Amino acid sequence: MADEVRLGLIGVGRIGKIHAEHCAQRVPGARLEGIADMVLSQEQESWAKGLGVRVLARDPQDMLQDPAIDGVVICSATDTHADLIIAAAAAGKHIFCEKPIDLSVPRVKAALAAVQKAGVTLQIGFNRRFDHNFTRIRERIQAGDLGTVQLIKITSRDPAPPSPAYVAGSGGIFMDMMIHDFDMARFQAGSEITQVYAAGAVLIDPEIGRAGDVDTAIVTLTFANGALGVIDNSRKAVYGYDQRLEVFGSKGMAIAENDLPNRVTLSTAGGVTGEKPLHFFLERYKEAYIGELVSFVEAVLHHTPAKVSGEDGLENMYAALAAGKSLKEKRPVFIDEVRAE
């Protein structure tokens, strides 16, 4: 059995750079062999060489055809993901891909079919499953400490809204932001979502509304096992990145509060104060980003299923599409309705 996975990374934007550094320095069993990006500046080339990268390319095909590379980490724009998955699978490469796979269900299904045909590993980047707090709650559920899960409550609020230009190409709040929460809800429930009911409004930035989206949303969920859930999202929380989870069951409740830079509180005559939550996702989920890549490498090395599969990515997409349909039509929507479209 091989003792390392030689990886090529595609796309060196914000998350691509983070993943590259983790693959090169923080993920046991991984070796970063190559980096590809359509636009590689001299600064980026110098940075890549500092990571010990052997192959630098502007065309991902140059890496995909390299027999010394075992797998790829896809961090490019969303509209390239499906085509790159198909090409990587055809080249016999294992694949880690950032979410979402695509904004089109037929293209997602085509990508998953290519992966199945090639017999390679595909893991999708729903990193929050690897967060230390959320993982611990799932472990307590599986241990039976909470009894039968009855209610799941997820709060996810960003510190500042994205630009309207970003919103216009993102697929909207349900596909871009809440899709992480749909994944977390399914993960904690251990059951598939069967129905969603969404409400949303533009309460923060009118430009987001003009881009065709909402910036504030609540979705209620029904699961196949009978549990219920609720997710609230906001594009702007003035106090920082708000990431909380509560799971309530027949035997008890588990709560994950926000991670803070420290737990010190200052008590004076003027009041009691403490730290704001960690600023944004790169800080809050740094260890989870490492954890998901560790999991991917272990799945490849040990020939075990990926912990977040392509089918998970598709199920999360169905929930996001159902939420969008629910918001538009002002009614509950069954997941089977969007499966059939």
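Note on numbering: residues in each chain are counted from 1, in written sequence order. It should be noted that, the model being predicted, local features are given only for residues of pLDDT at least 70 and side-chain atom pairs only at 80 or more, the latter also being counted only at that level, while totals for whole chains, interfaces and linings use all residues. With hydrogens and water set aside, each side-chain value is computed from the structure's full complement of heavy atoms.

(A) Region of interest: the nonpolar core. To qualify as a nonpolar core, a set must consist of buried Ala, Val, Leu, Ile, Met, Phe, Trp, Tyr and Cys residues joined through side-chain atoms within 4.5 Å. Relative accessibility decides the category of a residue: with a 1.4 Å probe and only protein chains considered, values under 20% of the type maximum give buried, values over 50% give exposed, and everything between is partly exposed. Within the largest apolar cluster, 101 residues are counted, with the highest numbers of intra-cluster contacts made by Ile35, Ile95 and Phe182. The contact definition used throughout considers only heavy atoms, calling two residues in contact when any of these lie within 4.5 Å. Setting aside anything within four residues of it in sequence, one finds isoleucine 95 in contact with Val72, Ile74, Ile85, Ala88, Ala89, Val115, Val120, Thr121, Leu122, Gln123 and Phe296.

(B) Here's a closer look at the pattern of salt bridges. We count a salt bridge whenever a side-chain nitrogen from Lys or Arg sits within 4 Å of a carboxyl oxygen from Asp or Glu. The full count for this structure, using the stated rule, is 30 salt bridges. A salt bridge links arginine 107 to aspartate 83; the shortest N-O distance between them is 3.5 Å. Placement of arginine 107 in helix H5 (residues 105-118) and of aspartate 83 in helix H4 (residues 78-90) is noted, with a sequence separation of 24 residues between them. Between glutamate 329 and lysine 325 there is a salt bridge, with the nearest N and O atoms lying 3.1 Å from each other. Of this pair, glutamate 329 and lysine 325 both sit in helix H13 (residues 310-329), separated by four residues, roughly a single helical turn. Residue lysine 325 is classed as buried on the basis of its relative accessible area, which comes to 17%. Taken together, the shared-partner salt bridges connect Glu4, Arg31, Glu33, Arg54 and Asp66 into one network. Per the convention used, a helix needs a DSSP run of H or I reaching at least four residues, while a strand needs a run of E reaching at least two, with both numbered from the N terminus.

(C) How the structure looks around the packing of aromatic side chains. Stacked, tilted and edge-to-face are the three classes applied to pairs of Phe, Tyr and Trp rings, where Trp contributes its six-membered ring and a pair requires centres within 6.5 Å; stacked means planes under 30 degrees apart, edge-to-face means over 60, and tilted covers the rest. All chains considered together, the criterion is met by three aromatic pairs. Plain terms: the ring middles of phenylalanine 134 and tyrosine 285 are 6.4 Å apart, the flat faces sit at 50° to each other, and that makes the pair tilted. With phenylalanine 134 in helix H6 (residues 132-142) and tyrosine 285 in the loop between helix H11 (281-284) and helix H12 (286-302), this pair connects stretches of sequence that are 151 residues apart.

(D) Region of interest: the pairing of strand E9 (residues 216-223). Here E9 shows a clear split, with Ala217, Val219, Leu221 and Phe223 buried on one side and none of Thr216, Ile218, Thr220 and Thr222 buried on the other. Between any two strands, pairing holds if DSSP finds at least two bridges. Judged from the eight bridges that link them, strand E8 (residues 193-201) and E9 form a sheet pairing that is antiparallel. The partner of glycine 200 across the bridge, within E9, is alanine 217. Two elements, E9 and strand E10 (residues 228-234), share seven bridges in a ladder whose sense is antiparallel. Bridged to threonine 220 within E10 is valine 230. Turn length for the E9-E10 hairpin, with the two strands adjacent in sequence and antiparallel, is four residues, and the turn residue glycine 226 shows positive phi of about 95°.

(E) The arrangement of the sheet that holds strand E7 (residues 149-157) in detail. Spatially, seven strands are ordered E12-E11-E7-E10-E9-E8-E15 in an open sheet, and the strand pairing comes out mixed. Among the strands making up the open sheet, the edge pair consists of strand E12 (253-256) and strand E15 (333-334). Bridge analysis of E7 against E10 gives seven bridges, and the strand direction is parallel. In the sheet register, lysine 153 faces E10, and the bridge partner there is valine 230. Inter-axis angles, ranging from 0 to 180 degrees, are taken between N-to-C directions of lines fitted to C-alpha atoms, where helices are fitted over the stretch in contact. Across the face of the sheet, H13 comes into contact with E8, E9 and E15 while running at roughly 50° to E8.

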